[in-house]
Amino acid sequence: MPELKPLTPRAPWVALNTTEQDWAQAEPALLGTLLAHCHLIRGFEEAVLALAAEGLVHGPAHASIGQEGGAAGSIVGLGAADGVSGSHRGHHQFLSKALAYLCPQGIDPGAEILPPVQALLRRTLAEILGLAQGFCKGRGGSMHLRWPQAGALGTNAIVGGGVPMAAGQAWANRQAGSDAVMVTYFGDGAINIGSVLETMNLAAAWKLPLCFFIENNRYAVATSVEEITAEPRLSARGLAFNIPSWHVDGMDPLAVHLAMQAALRHMRAGKGPTLIEADVYRFFHQNGPFPGSAFGYRSKEEEKAWRDRDPLALLARRMTQRKLITQAQVDALRERVAAAMRAAVEGLLEEDPDAGEGKRRIRQELWPAADFRDVGIVGDLAEMEGARFEEQDDHAGPLGERKFIDVVADVMDRRMACDDTIVVMGEDVHRLKGGTNGATRGLGERYPGRCLGTPISENAFVGLAGGVALDGRYKPVVEFMYPDFMWVAADQVFNQIGKVRHMFGGDDAVPLVLRTKVAMGTGYGSQHSMDPAGIFATSPGWRIVAPSNPYDYVGLMNAALQCRDPVLVIEHVDLYNSTGIGPLEDYDYLLPVGRAALRRTGGAVTVIAYLSMVHHAEQALEQTGIDADLVDLRWLDRASLDWQTIEASVRKTNNVLIVEQGARGTSYGGWLADEIQRRCFDWLDQPVQRVTGGLASPSISKVLERAAAARTEEVVEGLRQVMRNKGEPDGQAG
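Cut-offs applied
- Residues numbered from 1 in each chain as written.
- Predicted model: local features only at pLDDT ≥ 70, side-chain atom pairs only at ≥ 80, totals over all residues.
- Heavy atoms only, no water.
- Helix = DSSP H or I, 4+ residues; strand = E, 2+ residues; numbered from the N terminus.
- Contact = heavy atoms within 4.5 Å.
- Areas by Shrake-Rupley, 256 points an atom, 1.4 Å probe, with all protein chains shown as cover.
- Lys, Arg positive; Asp, Glu negative; His and termini not counted.
- Charge placed at Lys NZ, Arg CZ, Asp CG, Glu CD.
- Salt bridge = Lys/Arg side-chain N within 4 Å of Asp/Glu carboxyl O.
- Buried < 20%, exposed > 50% of the residue type's maximum accessible area, 1.4 Å probe, protein only.
- Pairing = 2+ DSSP bridges.
- Right-handed = clockwise from strand over helix to strand, strands pointing away.
- Axes fitted to C-alpha atoms, helices over the stretch in contact; angles between N-to-C directions.
- Parallel < 35°, antiparallel > 145°, perpendicular 65-115°, else oblique.
- Expected span 1.5 Å × (residues − 1).
- Arc of directions from axis to C-beta.
- Domains from an automatic or database assignment.
- UniProt positions renumbered as here; feature names shortened; annotations may be inferred.
- Core = buried A, V, L, I, M, F, W, Y, C linked by side-chain atoms within 4.5 Å.
- Polar contact = N/O pair within 3.5 Å; in protein donor to acceptor, adjacent residues only side chain to side chain.

1. Regarding the overall build of the protein
Turning to step 1, where the next piece is worked out: Counting secondary structure elements, the protein contains 26 helices and 24 strands.
Turning to step 2, where the next piece is worked out: Oriented by its inertia axes, the alpha-carbon framework of the protein measures out at about 95 × 80 × 55 Å.
Turning to step 3, where the next piece is worked out: Across the protein, the fraction of contacts at a sequence separation of at least 24, relative to all contacts at a separation of at least 6, is 77%.
Turning to step 4, where the next piece is worked out: When the accessible surface of the protein is split by element, carbon and sulfur atoms take 51% of a total near 28,500 Å².
Turning to step 5, where the next piece is worked out: Averaging the coordinates of the 71 positive side-chain charges in the protein and doing the same for the 89 negative ones gives two points 4 Å apart.

2. Observations concerning the pattern of salt bridges
Close approach of charged atoms allows side chains of opposite charge to pair.
Turning to step 1, where the next piece is worked out: Here the structure, examined in full by the defined rule, presents 45 salt bridges.
Turning to step 2, where the next piece is worked out: When the shortest N-O distance is used, the salt bridge between Asp565 and Arg501 registers 3.0 Å. Within this pair, whereas Asp565 is found in the loop between helix H20 (550-562) and strand E18 (567-572), its partner Arg501 is found in helix H18 (residues 500-503), the two being separated by 64 residues in sequence.
Turning to step 3, where the next piece is worked out: We classify Arg501 as buried; its relative accessible area is 9%.
Turning to step 4, where the next piece is worked out: Residues participating in the shared-partner salt-bridge network are Glu391, Asp552, Arg599, Asp632 and Arg634.

3. Considerations on the pairing of strand E23 (residues 656-659)
Turning to step 1, where the next piece is worked out: Where burial is concerned, the two faces of E23 agree: the one with Val656 and Ile658 and the one with Leu657 and Val659 are both buried.
Turning to step 2, where the next piece is worked out: Strand direction decides the pairing type here: strand E21 (residues 605-609) and E23, joined by three bridges, are parallel. Its bridge partner being in E23, Ile608 is matched across the sheet by Ile658.
Turning to step 3, where the next piece is worked out: Strand direction decides the pairing type here: E23 and strand E24 (residues 689-691), joined by three bridges, are parallel. Each residue of the ladder has a partner; that of Leu657, found in E24, is Gln689.
Turning to step 4, where the next piece is worked out: Assessed by its sense of winding, the connection that carries the chain from E23 through helix H24 (residues 669-680) to E24 is right-handed.

4. A word on the packing of helix H16 (residues 458-471) against helix H17 (residues 490-497)
Turning to step 1, where the next piece is worked out: Running from amino to carboxyl end, H16 crosses H17 at an angle of 25 degrees, the nearest separation of the two axes being 8 Å. As the angle between them shows, H16 and H17 are arranged roughly parallel. For the pair formed by H16 and H17, the contact residues are Asn459, Val462, Gly463 and Gly466 on the first element and Gln492, Val493 and Ile497 on the second.

5. What to know about the side chain of Glu571
Turning to step 1, where the next piece is worked out: By the secondary structure assignment, Glu571 is in strand E18.
Turning to step 2, where the next piece is worked out: Look past the residues within four positions of Glu571 in its chain and what remains in contact with it is Val408, Arg515, Thr516, Lys517, Val518, Tyr553, Tyr576 and Leu611.

6. Topic: helix H26 (residues 712-725)
Turning to step 1, where the next piece is worked out: Between its terminal C-alpha atoms H26 stretches 20 Å, which fits the 20 Å expected from 14 residues at 1.5 Å a residue.
Turning to step 2, where the next piece is worked out: Inspection of H26 places Thr712, Val715, Val716, Gly718, Leu719, Val722 and Met723 among the buried residues, and these make up the whole buried set. All buried residues of H26 lie within an arc of 165 degrees about the axis, which places them on one face of the element.
Turning to step 3, where the next piece is worked out: On its buried face, H26 is in contact with E21, helix H22 (613-624), E23 and E24.
Turning to step 4, where the next piece is worked out: Of the residues flanking the end of H26, it is Gly727, one or two places downstream, whose phi is positive at about 105 degrees.

7. Observations regarding the environment of Ser697
Turning to step 1, where the next piece is worked out: Along the polypeptide, Ser697 turns up in the loop between E24 and helix H25 (702-708).
Turning to step 2, where the next piece is worked out: Judged by its relative accessible area of 36%, Ser697 is partly exposed.
Turning to step 3, where the next piece is worked out: Sequence separation between Ser697 and Asp507 is 190 residues, and the spatial gap between their C-alpha atoms is 39 Å.

8. Brief notes about the sheet that holds strand E14 (residues 451-453)
Turning to step 1, where the next piece is worked out: One open sheet accounts for six strands, arranged E14-E13-E15-E16-E18-E17; its pairing is parallel. Only two strands of the sheet have a single neighbouring strand rather than two, namely E14 and strand E17 (543-545). Neighbouring strand axes in the sheet, compared pairwise and without regard to direction, differ in orientation by 20 degrees on average.
Turning to step 2, where the next piece is worked out: In terms of strand pairing, strand E13 (residues 422-426) meets E14 through three bridges, oriented parallel. The residue of E14 that forms the bridge with Gly426 is Gly453.
Turning to step 3, where the next piece is worked out: Contacts from H16 reach E13 and strand E15 (475-479) within the one sheet, and its direction differs from that of E15 by about 165 degrees.

9. Some remarks on the domain arrangement of the protein
Turning to step 1, where the next piece is worked out: For the protein, the domain assignment lists domain 1 (13-365), domain 2 (382-583) and domain 3 (597-726).
Turning to step 2, where the next piece is worked out: Centre-to-centre separation of domain 1 and domain 3, based on C-alpha positions: 53 Å.

10. Some details on the UniProt feature "domain: Transketolase-like pyrimidine-binding" (unreviewed entry) in the protein
Turning to step 1, where the next piece is worked out: As annotated by UniProt and renumbered to match this structure, "domain: Transketolase-like pyrimidine-binding" (unreviewed entry) occupies residues 402-578.
Turning to step 2, where the next piece is worked out: Counted over residues 402-578, helix gives 38% and strand 17%. Its end C-alpha atoms are 8 Å apart.

11. Side note on the nonpolar core
Turning to step 1, where the next piece is worked out: Leu125 and Ile276 are the most contacted members of the largest nonpolar core, which has 89 residues in total.
Turning to step 2, where the next piece is worked out: Each residue touching Leu125, except ones within four places of it in the same chain, is listed here: Phe44, Val48, Leu51, Met341, Ala344, Val345 and Leu348.
Turning to step 3, where the next piece is worked out: In this structure, Ala166, Ala465, Tyr474 and Phe480 belong to the second largest nonpolar core, which totals 87 residues.

12. Description of H20
Turning to step 1, where the next piece is worked out: With 13 residues, H20 ought to run about 18 Å at 1.5 Å a step, and its terminal C-alpha atoms sit 19 Å apart, in line with that.
Turning to step 2, where the next piece is worked out: Those residues of H20 that fall on the buried side of the exposure criterion are Pro550, Tyr551, Asp552, Tyr553, Val554, Gly555, Leu556, Met557, Asn558, Ala559, Ala560 and Leu561.
Turning to step 3, where the next piece is worked out: At the N-terminal end of H20, a side-chain oxygen is found 3.2 Å from the backbone nitrogen of Tyr551, two or three residues along, and the residue is Asn549.

13. Structural notes on unusual backbone geometry
When glycine is set aside, most residues are seen to have a negative phi, and most peptide bonds are trans.
Turning to step 1, where the next piece is worked out: Despite not being glycine, Asp428 has its phi angle at roughly 65 degrees, a positive value.
Turning to step 2, where the next piece is worked out: Counting through the fold element by element, Asp428 comes out in the loop between E13 and helix H15 (443-446).
Turning to step 3, where the next piece is worked out: For Leu432, which is not glycine, the phi torsion reads 60 degrees and is therefore positive.
Turning to step 4, where the next piece is worked out: As for its position among the elements, Leu432 is in the loop between E13 and H15.
Turning to step 5, where the next piece is worked out: According to the relative accessible area criterion, Leu432 is exposed, its value standing at 56%.

This is the structure in structure tokens:
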């Protein structure tokens, strides 16, 4: 028989319950503040549900009634520099953190509601109603609340989606030498989301001051926690990652407070993340003013049992037992909150003259203007003012033949030497003498703590980088070893990083650079070879750079690092070992955002290309002798595309050939051809022609891989087809 030896986890896992002594020794001011927070949250949420019942809340109203104790208990002990992020059900956490910011000395439950608190209630309600006076100018609504000055760093509609970004903000706190912490709130459904578990691992490995706060309200919409996990004690998850974990009764705000105080001591001491699971209960359905029993997935008996444990009633009872408050004073507090909410509502509503007596509507002047729709998708590039822009022909410093991959490493070295806010992260970037291709050569040795090798968890580390960028103190440069990996991290790349500026009102910069390489021709097959330009171009919020030569790479990377928007920098393995003209000493110039380069001029056709296809197009034009404009786009996103250069060329040549290498199904040229035909229809002699790869992704077989990708030969045929369409029967220049 084998010998069996029991194993125990390294991290402690405890259940914390309050005692009579805890309640007897609790500071009166603490209990009063907890009571006030809970009543303000409850009154606010009741007003939201009443408005939802009137049909005045457009979209969901995810009430947290019943869960106030978890929010107040965990937040009243936080400092001003500490941050919180939440889920789609996040009103209570947002309000509690904002109240703690406005009233750092606590709130007297017997005092009148202060004007700043009244303004908070109205402004938060305005956001939930989608009004311009809201914290996110009406774009966030119920599920996207952010007030960074208060440390309320964003609630999130994607289950588990905000957790990686919270890790980024925790990393920034630690990197800055602060003892500030982050608390990220999510529920029993999110505990099984990959981004949450990836982030737990990353936070533990890097010892980040991040508290994973699980609000276990037992139901993911209508599915019970026992149905979706074999271990319903959700705090057990922390043990797998060596994270100290607490399990508490979330209906007991004091118990939550005591657990959070223990977690804060651990995190502020630099020992890494913590996890708190609070058993709570939402008194209503997932969304709206009806109980879960109305939908058949909960019993009325279960709901009553939890309502009997109401955290507001528990606090009031404990405080009256200690003669800290009377029931009449509790009733008066509730009425003051109700009156404050009536005032907030009245400031936002008016009688609806078209709907009959007693019917109300949103005050018409409070809606955002329709022309605010696209404002703030990306920034206005004010950060580029005063920068030194220098094209190759105007460059004053020495130039010479440079290997492309060498300038990739050299410009990043230069920027990190000049700017200690830049941090590089990705898989193996600190190893192998510069990652898998040499792009980060020497950075790990020269900049310890700023060239970070990550776990193989793209969702976590790119989301962490998004949080770092949104924090604003650092500029992350993330490497995806292959662009196909963006699908693994699609939520963070597109739902979070790409949307966050616009979603939260348009004011928050997201200075992040994401580097990746197109690897067609290397034999790595369908899951390592794609060109991501076409996918990213359909996701507003990202700028896209595609350098075709060493000189441009330096200027474009510098521009990307100066930019306050997220920028995808696409590279190509075919270029890495190629040589071209590049700087020998000066790595500080920029190339303008939104400026294409005209590589050749001619009158027969406008050829549009980027990355390595610029060189294939040049070779094809040499072979065919066709007189053409060759436009190297350099910037590919809609906001940055150089329409002035493109349209001027089209009006001259009246013919267009878009050249790209990747698969037709995810191609960049599809939307570009459509836009050119809309803008330049009257100047086109034929439909926009395109050269792309095949429909299929590249395969491992050398023959099939070559068949799947466009190169010089395909461009030659594309040019000849354009000429045949023009009436040149042999497809050559006339």
